Amino acid sequence: MRNKDSDRSGNPAPSQVQSVDRAISVLELLARNGEAGITEIAGELGVHKSTASRLVSVLEARGLVEQLGERGKYAIGFGIVRLAGAATGRMDLARLGRQTCQVLAETLGETVNIAVADEGVAINISQARGSAAITTQNWTGQRTPLHATSSGKVLLAYMADGERRRSLRRKLEEYTPRTVTDAGDLAAELDRVVEDGYAACFEEFELGMHAVAVPIHGPGGEVVAAISASGPSYRLSRQRVRQVVRPMAEAAAELSAQLGYYQD
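First, a word on what this report is: a plain description of the structure on this page.

## Observations regarding the overall build of the protein chain
Reasoning step 1: When its secondary structure is counted, the protein chain shows eight helices and nine strands.
Reasoning step 2: Relative to its 264 residues, the protein chain shows a buried fraction of 43%.
Reasoning step 3: Of the contacts formed within the protein chain by residues at least 6 apart in sequence, a portion of 52% connects residues at least 24 apart.
Reasoning step 4: Summed over its atoms, the accessible surface of the protein chain is roughly 14,800 Å², and 49% of this surface lies on carbon and sulfur atoms.

## Describing the packing of helix H5 (residues 150-157) against helix H7 (residues 183-196)
Reasoning step 1: One way to put it is that H5 packs onto H7 with a least axis distance of 9 Å and a crossing angle of 85°. One finds that H5 runs roughly perpendicular with respect to H7. Of the residues in H7, those in contact with Lys153, Val154, Leu156 and Ala157 of H5 are Leu186, Glu189, Leu190, Val193 and Val194.

## Observations concerning the packing of aromatic side chains
Reasoning step 1: In the structure shown here, the tally under the stated rule is one aromatic pair.
Reasoning step 2: Summarising the aromatic geometry, the rings of Tyr175 and Phe205 are spaced 5.1 Å apart at their centres and angled 70° between planes, so their arrangement reads as edge-to-face. Separated by 30 residues along the polypeptide, Tyr175 in the loop between helix H6 (161-169) and H7 and Phe205 in the loop between strand S7 (199-202) and strand S8 (209-217) bring together distant segments of the chain.
Reasoning step 3: Of the residues examined, Tyr175 reaches a relative accessible area of 33% and is grouped as partly exposed.
Reasoning step 4: In this structure, Arg238 is placed above the aromatic ring of Phe202, and the distance from its NZ or CZ to the ring centre is 4.0 Å.

## Observations regarding the pattern of salt bridges
Two side chains carrying opposite charge are able to pair once their charged atoms lie near each other.
Reasoning step 1: A complete count under the given rule lists nine salt bridges for this structure.
Reasoning step 2: Measuring nitrogen to oxygen at the nearest pair gives 3.1 Å for the salt bridge that ties Arg164 to Asp191. With a gap of 27 residues between them, Arg164 in helix H6 and Asp191 in helix H7 connect regions that are remote in the sequence.
Reasoning step 3: The class for Arg164 is buried, based on a relative accessible area of 12%.
Reasoning step 4: Taking the shortest distance from any N to any O, the salt bridge between Glu250 and Arg246 comes out at 3.4 Å. Of this pair, Glu250 and Arg246 both sit in helix H8 (residues 238-258), four residues apart, which is roughly one turn of that helix.
Reasoning step 5: A relative accessible area of 43% places Glu250 in the partly exposed class.

## Focus: the sheet that holds S8
Reasoning step 1: Reading across from one edge, S6-S5-S4-S9-S8-S7 is the order of the six strands in this open sheet, with antiparallel pairing throughout. The open sheet terminates on both sides in strands that have one partner only, identified here as strand S6 (143-145) and S7. Across the sheet, the mean angle separating the axes of adjacent strands is 35° when strand polarity is ignored.
Reasoning step 2: Strands in contact with H8 are strand S4 (111-118), S7, S8 and strand S9 (223-232); relative to S8, the strand with the most contacts, it is inclined by about 25°.

## Looking at the sheet that holds strand S1 (residues 36-37)
Reasoning step 1: Taken in spatial order, the three strands of this open sheet run S1-S3-S2, and their pairing is antiparallel. Both edges of this open sheet fall to S1 and strand S2 (65-68), since each of them pairs with a single strand only.
Reasoning step 2: Across two bridges, the pairing between S1 and strand S3 (residues 73-76) is antiparallel. Among the inter-strand pairings, Ala36 is bridged to a residue of S3, identified as Tyr74.
Reasoning step 3: Lying over the sheet, helix H3 (residues 49-61) contacts S2 and S3, oriented at roughly 105° with respect to S2.

## Comments concerning helix H2 (residues 38-45)
Reasoning step 1: Listing the buried residues of H2 in full gives Ile38, Ile41, Ala42 and Leu45. An end-on view of H2 places all buried positions within 100° of arc, on one side of the element. Away from the buried face of H2 by more than 90 degrees, exposed residues Thr39 and Gly43 are located.
Reasoning step 2: Looking one or two residues beyond H2, the residue adopting positive phi is Gly46, at roughly 75°.

## What to know about a positive patch on the surface
Reasoning step 1: On the surface, Arg165, Arg166, Arg169 and Arg170 cluster together into a patch of positive charge.
Reasoning step 2: If you trace the backbone, Arg165 turns up in helix H6.

## A short note on the nonpolar core
Reasoning step 1: Core analysis: the biggest nonpolar cluster contains 31 residues, and Leu93, Ile114, Ile216, Ile227 and Met248 have the highest contact counts within it.
Reasoning step 2: Looking at this core, the elements that each hand over two or more residues are helix H4 (78-108), S4, strand S5 (121-128), S7, S8, S9 and H8.
Reasoning step 3: In this structure, Leu27, Leu29, Ala52 and Leu59 belong to the second largest nonpolar core, which totals 18 residues.

Here is what the cut-offs are and how they apply
Residues numbered from 1 in each chain as written. Predicted model: local features only at pLDDT ≥ 70, side-chain atom pairs only at ≥ 80, totals over all residues. Heavy atoms only, no water. Helix = DSSP H or I, 4+ residues; strand = E, 2+ residues; numbered from the N terminus. Buried < 20%, exposed > 50% of the residue type's maximum accessible area, 1.4 Å probe, protein only. Contact = heavy atoms within 4.5 Å. Areas by Shrake-Rupley, 256 points an atom, 1.4 Å probe, with all protein chains shown as cover. Axes fitted to C-alpha atoms, helices over the stretch in contact; angles between N-to-C directions. Parallel < 35°, antiparallel > 145°, perpendicular 65-115°, else oblique. Phe/Tyr/Trp six-rings, centres within 6.5 Å; stacked < 30°, edge-to-face > 60°. Lys NZ or Arg CZ within 6 Å of the ring centre and 35° of its normal. Salt bridge = Lys/Arg side-chain N within 4 Å of Asp/Glu carboxyl O. Pairing = 2+ DSSP bridges. Arc of directions from axis to C-beta. Patch = residues over 30% accessible without salt bridge, like charges linked within 9 Å, V, L, I, M, F, W, Y side chains within 5 Å. Lys, Arg positive; Asp, Glu negative; His and termini not counted. Charge placed at Lys NZ, Arg CZ, Asp CG, Glu CD. Core = buried A, V, L, I, M, F, W, Y, C linked by side-chain atoms within 4.5 Å.

Here it is in structure tokens:
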């Protein structure tokens, strides 16, 4: 059944798009002027006061605007701060992470990346290559699978239970013969990741390449990203993976502290 608010192609109806445009105009007006009443908002939009009132009511219900006392005027609400904080946090992480990646890459001699979860994949937001790194590929901005990469496993392991279960219900694509594609096996491995504090991948995304990752925490203690080191299997052996976990965890702790997280 076609949504009554959509056209025949399934796109939002013009009136729906106009309402969104007007709502954004209200937010821009309040951001510019600091506060405004319904009459002023209606005049700015060129609509009836009842229309302006309905728009403001919806924005207020979402916490995007708030009424100032009993004066009838409105201002930007804390919901906007929450939305802006999500974008700002990611930008801060990318900016702060560049230095951390570079120092760690120089220490380990391998390629170091920072990745965040985004709609079922991991996105690399920062990268640095060490002196021994053999790959020239720049992974910054690239989307990689959660189940077949060390960063992805860290991000999966620390997800909320419901979100993790939804991810494990998806088809787990096989990238190499070593990729874990059984949801039960992967779930058990993710539990070990939380227990051990790190995740490793041995030729699961690319033959001949090993990787290890540790979590990065945000201000509230939640895992907001993962930092990984990757290199050829002959150099980043299973034994060496265990050896590099400590300096990686120390670097991740320093970056987490810069983001506002301090471990007890």
